[in-house]
Amino acid sequence: MNARSEIPFDLPTDQKTGYVGKSVPRSNARRLVQGRGCYLDDIRLPRLAHVVFFRSPHAHARIKSLNLLKAKSAPGVIAVFNGRDLQEFCTPWVGVLGHLKGIKSAPQHPIAVDRVCWQGEAVAAVVAETRRQAEDALEFIEADFDLLPAVVDMRSALEAKYVIHPDLQDNICFSRELKTEGFDEAWAQADRVIERTYRFSRHTGVCLEPRAILADYNPADHSLTVHHATQAPHMMQDIFSKHLNIPESNVRIICKDIGGSFGIKVHVYADEMATAAISVALKRPVKFLADRMESFLTDIHAREHEATVRIAVKQNGEIVGFDLDDLTGIGPYSVYPRTSGIEGNQVVNLTGGPYRHKHYRAKLNVVFTNKNVTCQYRAVGHPIAVAITEGIVDEAARELNMDPAEFRRINFIPDDAYPYLSFPSGIKFECLSHQKSLEKLLTLMEYDKLRAEQAELRKKGIFRGIGLAAMIEVTNPSPAFYGVGGARISAQDGATIKFDPQGMITVTCSVTEQGQGNEAVFAQVAADAVGVSIDKVKVFTGDTSLMPYGGGTWASRGAGIGGEAVLQSGKALKSNLLDVAAAILAVEKATLDIRDNNVVDRLTSEVKMPLSEVGRVAYFRPDTLPMNFQSELTVTRHYTPREYGFTFTNGIQASYLEVDVETGEIKLLKHWCVEDCGTVLNPMLVDEQIRGGVVQGIGGALLEECLYDENGQMINGTMADYLVPMAAEMPDIVVGHVQTPTRQSELGAKGAGEAGTAGAPGALMNALNDALSPFNASLNMQPFTPQRVLQALGKVPVDG
């Protein structure tokens, strides 16, 4: 893990083993473990008020009456607002994108005006001097509702037995169909067709730090400063500007330390918009911090799908094609501005991903329901697409009596076939390594030995399973993701590097730090690019007034896009420093280099001067430089991927588990992941990301499920009832790497943040069904609870 690896960009020969490729600790780790972190709830401002929300107890109802008078007179209360009160300060929004043809949604308000559409939607807001006073005042709000039918089931929503938003005419938010040329003819020639239906329960992110916002409107200059736990500061700057009618240049978003996001904090939330609007109305700072129960009801959920998939194969194991019918429920609104259609669209795009089939038919329906909204969450759509693809691939191998690893060998897109521009869904792959990754995984896990052990244990009544799941992952998205659809979400990111007179460099980057280690990677790249030691580098992120404009942190883009911007900025600064040094020394610039904080002779490595001397002359004695020379020691560079819509990564995972067929309990024994994320900039951070992602994927596969009753009431919205993975339950996770750098950037880095989550559920499902195969049983509904295992074995009745 600590071995040095070659740096892909140009550095002097003896500096080819710098910080990039080494396991450098996070630059902010010492500060955080010493308790010096600054999270949003740590921020205190003069005249700070606190807002809490009165939320609907019903999934669907008309607001008949709302009496706020008693709450307004409660101790410490400053103001109470209903939905109509805030219409003066904040306009509604609609979550649609132009390139998702036909997508539709109803307008959404910061606080419900006439009708509530899910349990937990805000109906009123109480603002008080303290949070406790605001919460106490909630008890005095009197609300009367006329109940409306709650559409909870996706099938009922699709059939439009009741239409949630009558103006939209049906409950379909977005639909898509595709069919490749010659599909029917090729399908008819297949030797076998295997069909399965896979069901996925919705779950959510459970961040350590809940959603939080502190908005501070200043009427003196019509400006808004927002301290926000968000992944996309510039996106939120644009949105607050647009909907609060404040010039964008007058809106400042500041992100301090953030306690995890996973995609949860990249969306527009009604209560956060309400908080900002209330700050404008009251002309004072207002803070909102979601409590854990509110988080379960209002943080976006994800992954509620029912997908029927068919695979057509030849007798020799060749895959002819895939056929998909996917239904997903998203709650009553499409989430703004990224929409709730993207997850299902990703499933359509990615199904069949690693394989060289030519024929594909897909149908997608995204429907409104009266549950909490769903939207992008870590590995958007990937866990669904990987699980259904890899699940049906395993079923096909079983039907043909082929080893699942061999079946994949036959059908993977070959490593020498790239760029691969003919994938049936229309996506394009630049350079992947499915074959190398498979062989490395089989070696790492000692696959043949494990199969032999499995066979011996079955003779003793011990049922273990081995599951494989190959995957592709969308990273480093171009403007093709959101920009083409009209969303003002930047696909580029920028980095500014400033050199000070003491020889320190300060990096500011538009990609934010959410706990995944971006700041450490930026420090490594900057140190190598300029030629300084890493202790000379300071990194700052998360302030729209100080950072270059950029997209922020989402879709595994931090290192690949932000890192490339830092690299290019560092190279430009180094060139400018050498210009100054050459002028001081009266030598040709080409004869000089920067290494270890010194200007040196490029050929002999003789030290000519310390960088601090360059800074001293440039800043304090420019009179000694040539008359027409001007030093430029602050530089900014941006980077946008352009050649491909996405920089895909790939990998493969394996799960080894044991099933107790009497109790239904599943014991995870070991997990492996081989990932190709291009240039590995920091092995320790990459491995941390992959292991964390695997655990999150296991959580969705085994434990996590947002349960609703027939009235749309969430019945397990507490940490006592909603299960999350714990360390003691997790297996050892072994991580290996194949490196196929992208040629779209000089750094060669692809993303790695979502790979673990993408592949783990599919690998675990295949291992479970492998363990159950002696009983001719299988389980295709996540999470795989002990009760469902026993139902699959026929030992307890099936629900309903």
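What counts as what
Residues numbered from 1 in each chain as written. Predicted model: local features only at pLDDT ≥ 70, side-chain atom pairs only at ≥ 80, totals over all residues. Heavy atoms only, no water. Helix = DSSP H or I, 4+ residues; strand = E, 2+ residues; numbered from the N terminus. Rg over C-alpha atoms; globule rule 2.2 N^0.38 Å. Buried < 20%, exposed > 50% of the residue type's maximum accessible area, 1.4 Å probe, protein only. Areas by Shrake-Rupley, 256 points an atom, 1.4 Å probe, with all protein chains shown as cover. Lys, Arg positive; Asp, Glu negative; His and termini not counted. Charge placed at Lys NZ, Arg CZ, Asp CG, Glu CD. Polar contact = N/O pair within 3.5 Å; in protein donor to acceptor, adjacent residues only side chain to side chain. Salt bridge = Lys/Arg side-chain N within 4 Å of Asp/Glu carboxyl O. Contact = heavy atoms within 4.5 Å.

Caption draft 1: Quick peek at the overall build of the chain. The secondary structure content of the chain amounts to 20 helices and 29 strands. Against the globule reference of 28 Å for 800 residues, the chain gives a C-alpha radius of gyration of 28 Å, in line with a compact fold. The principal-axis extents of the C-alpha atoms in the chain amount to approximately 85 × 75 × 50 Å. In the chain, which comprises 800 residues, the share counted as buried stands at 63%. Summing over all exposed atoms, the chain offers an accessible surface of approximately 29,700 Å²; the carbon and sulfur share of this is 49%. When the 81 basic and 96 acidic side-chain charges of the chain are each reduced to a single mean position, those positions are 2 Å apart.

Caption draft 2: Just the environment of Asp721, in detail. Looking at the secondary structure, you find Asp721 in the loop between α18 (683-702) and β28 (732-737). Considered as a pair, Asp721 and Glu705 are 16 residues apart in the sequence and their alpha carbons are 9.8 Å apart. Of note is the side chain of Asp721, whose polar atom sits 2.7 Å from the side chain of Thr718.

Caption draft 3: Structural view of the pattern of salt bridges. The full count for this structure, using the stated rule, is 50 salt bridges. Note that Asp493 and Arg557 form a salt bridge whose closest N and O atoms lie 2.3 Å from each other. On the criterion of sequence distance, the pair formed by Asp493 in strand β19 (residues 493-499) and Arg557 in the loop between β21 (537-541) and α16 (558-585) is long-range, its members being 64 residues apart. On the basis of relative accessible area, Asp493 is assigned to the buried category, the value being 0%.

Caption draft 4: Representation of helix α17 (residues 611-620) in the model. Residues of α17 that are buried include every one of Leu611, Val614, Gly615, Val617 and Ala618, and no others. The inward-facing, buried residues of α17 contact β19, α16, β22 (592-595), β23 (598-601) and β24 (607-610).

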